[in-house]
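Survey of secondary and tertiary structure
Spelled out from the first residue to the last, the chains are:
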Amino acid sequence: MTVNVPGRRGPQGPSPLEGERIRPLSRWQIEDRLAELGDLYAQTAGGDSRAWNHDRELFLRRLAGEVQRPGFALLVAERSVPGTPAGGESAVLAGCAYGFPVRADGPWWRGLDGYLPRDVLGLAVSGRLFAISGLVVHSRVRTHHQGRDWNLARRLQRRLLADHMAGLADRADGTDVVGVPGVPGVLGVTLVEREDAMTLRALRSWGWRSVAPDASGAHDMLRYAPCHALVLGP
């Protein structure tokens, strides 16, 4: 997962009382705002100007590939700032999150089937397993009020899953279990590089949890796997 968790403090976001407006971007809108999205990533990554350009390029390259995945969704958080010539306000990016439904009819995303138990993987058949592959926020979101519902990272990831759930409900044909009480909703999933302790700590502070393997010998195998698997949701 792409999560920017710089070691130094970046630009501070607005007060939680001001809030940010979260909205989805279409693929065409994403293309139009690639420069802004790249700048947001570089701003939140920290580092010098050379690292800025390198990080920005890698992020945009990854994003260009993931946009092509079926069901891909990207949300942006925007806040209004004064400064237009006419005395009005303009919107600046405060964060973004993106992901896509995990497909059960093709190669698993990043070898996901080697990390999750069978019952969790089974959610992919009904479209209820959603990979959140990117979450870009300023460092203040990582270090302040991580457990509050209005924390921007929590709002972004919650909205991604809710929007996907709503899309499944719209496509239900009467036999679908989506929305039925007692039946699990959409489960978020992500993979974090094993050595990336800062990202792992940030995600856990935002409600993500590890998944226990279901096979007796799988635990030892996962101890040496390159990534940690985390889930979010019911």
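Residues numbered from 1 in each chain as written. Predicted model: local features only at pLDDT ≥ 70, side-chain atom pairs only at ≥ 80, totals over all residues. Heavy atoms only, no water.

1. Thoughts on the overall build of the protein
The secondary structure content of the protein amounts to 8 helices and 8 strands. Counting all 234 residues of the protein, 43% fall into the buried class. Contacts in the protein between residues at least 24 apart in sequence constitute 71% of all its contacts with a sequence separation of at least 6. Accessible area of the protein: about 12,200 Å², with a carbon and sulfur share of 53%. (Helix = DSSP H or I, 4+ residues; strand = E, 2+ residues; numbered from the N terminus. Buried < 20%, exposed > 50% of the residue type's maximum accessible area, 1.4 Å probe, protein only. Contact = heavy atoms within 4.5 Å. Areas by Shrake-Rupley, 256 points an atom, 1.4 Å probe, with all protein chains shown as cover.)

2. Brief notes about the packing of aromatic side chains
Working definition: an aromatic ring pair is given by the centre-to-centre distance plus the angle between the planes. The full count for this structure, using the stated rule, is 4 aromatic pairs. For the pair phenylalanine 72 and tyrosine 98, a centre-to-centre distance of 5.9 Å together with 40 degrees between the ring planes defines the contact as tilted. On the criterion of sequence distance, the pair formed by phenylalanine 72 in the loop between α3 (49–66) and β3 (73–82) and tyrosine 98 in strand β4 (residues 89–101) is long-range, its members being 26 residues apart. Look at phenylalanine 100 and tryptophan 109: their rings are 5.6 Å apart centre to centre, the planes differ by 85 degrees, and that puts the pair in the edge-to-face class. Of the two residues, phenylalanine 100 and tryptophan 109, neither departs from the other in class, the shared state being buried. Every member of this aromatic cluster is reached through a ring pair, and the members are Tyr41, Phe59, Phe72 and Tyr98. Positioned over the ring face of phenylalanine 100 is arginine 69, at 4.5 Å from the centre of the ring. Positioned over the ring face of tryptophan 109 is arginine 110, at 5.6 Å from the centre of the ring. (Phe/Tyr/Trp six-rings, centres within 6.5 Å; stacked < 30°, edge-to-face > 60°. Lys NZ or Arg CZ within 6 Å of the ring centre and 35° of its normal.)

3. Quick word on the pairing of strand β6 (residues 187–193)
Counting buried positions over the 7 residues of β6 gives 6, a clear majority of the element. Both strand β5 (residues 129–137) and β6 contribute to a ladder of 3 bridges, which runs parallel. Each bridged residue has a counterpart across the sheet, and for alanine 131 the counterpart in β6 is valine 189. The pairing of β6 with strand β8 (residues 227–232) spans 6 bridges and is antiparallel. Within β8, the residue paired with glycine 188 across the bridge is leucine 232. (Pairing = 2+ DSSP bridges.)

4. Some remarks on the pattern of salt bridges
Inspection of every chain in the model, using the stated rule, returns 10 salt bridges. In this structure, glutamate 36 and arginine 33 form a salt bridge, with 3.0 Å as the shortest nitrogen-oxygen distance. Between glutamate 78 and arginine 33 there is a salt bridge, and its shortest N-O distance comes to 2.7 Å. Here arginine 33 lies in the loop between α1 (27–32) and α2 (34–45) and glutamate 78 lies in strand β3, a separation of 45 residues in the sequence. (Salt bridge = Lys/Arg side-chain N within 4 Å of Asp/Glu carboxyl O.)

5. Quick word on the confidence of the model for the protein
For the protein, per-residue confidence averages 82 on the pLDDT scale, and residues scoring 70 or more make up 78% of the total. For residues 173–183, every residue scores under 50 in pLDDT, and the model assigns this stretch 8 contacts once sequence neighbours within four places are set aside. (pLDDT = per-residue confidence, 0-100.)

6. Some thoughts on α2
Taking 1.5 Å per residue as the helical rise, α2 with its 12 residues ought to reach 16 Å, and the 16 Å between its terminal C-alpha atoms agrees with that figure. Of all the residues in α2, the buried ones are Leu37, Gly38, Leu40, Tyr41, Ala42 and Thr44. (Expected span 1.5 Å × (residues − 1).)

7. What about the side chain of glutamine 157?
Positionally, glutamine 157 belongs in helix α6 (residues 152–171). Since its relative accessible area comes to 3%, glutamine 157 is described here as buried. Within polar-contact distance, the side chain of glutamine 157 engages the side chain of tryptophan 208 at 3.0 Å. (Polar contact = N/O pair within 3.5 Å; in protein donor to acceptor, adjacent residues only side chain to side chain.)

8. Here we look at helix α7 (residues 197–205)
Among all positions of α7, only Thr199, Leu200, Ala202 and Leu203 are buried. Each buried residue of α7 lies within a common arc of 165 degrees when the element is viewed along its axis, so the set occupies one face. With its phi angle positive at about 105 degrees, glycine 207 sits one or two positions after the end of α7. (Arc of directions from axis to C-beta.)

9. Concerning the side chain of threonine 190
Among the secondary structure elements, threonine 190 is positioned in strand β6. Engagement of the side chain of threonine 190 in a polar contact is seen with the backbone oxygen of isoleucine 132, the distance being 2.9 Å. When neighbours within four sequence positions are excluded, threonine 190 is seen to be in contact with Met1, Trp109, Ile132, Leu203, Trp208, His228, Ala229 and Leu230.

10. A closer look at the nonpolar core
Counting 36 residues, the largest nonpolar core has Leu37, Leu74, Leu116 and Leu129 as the members making the most contacts within it. Every element with two or more residues in this core is listed here: α2, α3, β3, β4, α4 (118–121), β5, β6 and β8. For this core, the element with the highest residue contribution is β4, accounting for 4 residues. Apart from residues lying up to four places away in sequence, leucine 129 is in contact with Pro101, Val102, Leu112, Leu116, Val120, Leu121, Leu123, Ala124, Leu187 and Val189. Counting residues in each nonpolar core, the second largest holds 26 residues, with Leu156, Val186, Leu200 and Leu230 among its members. (Core = buried A, V, L, I, M, F, W, Y, C linked by side-chain atoms within 4.5 Å.)

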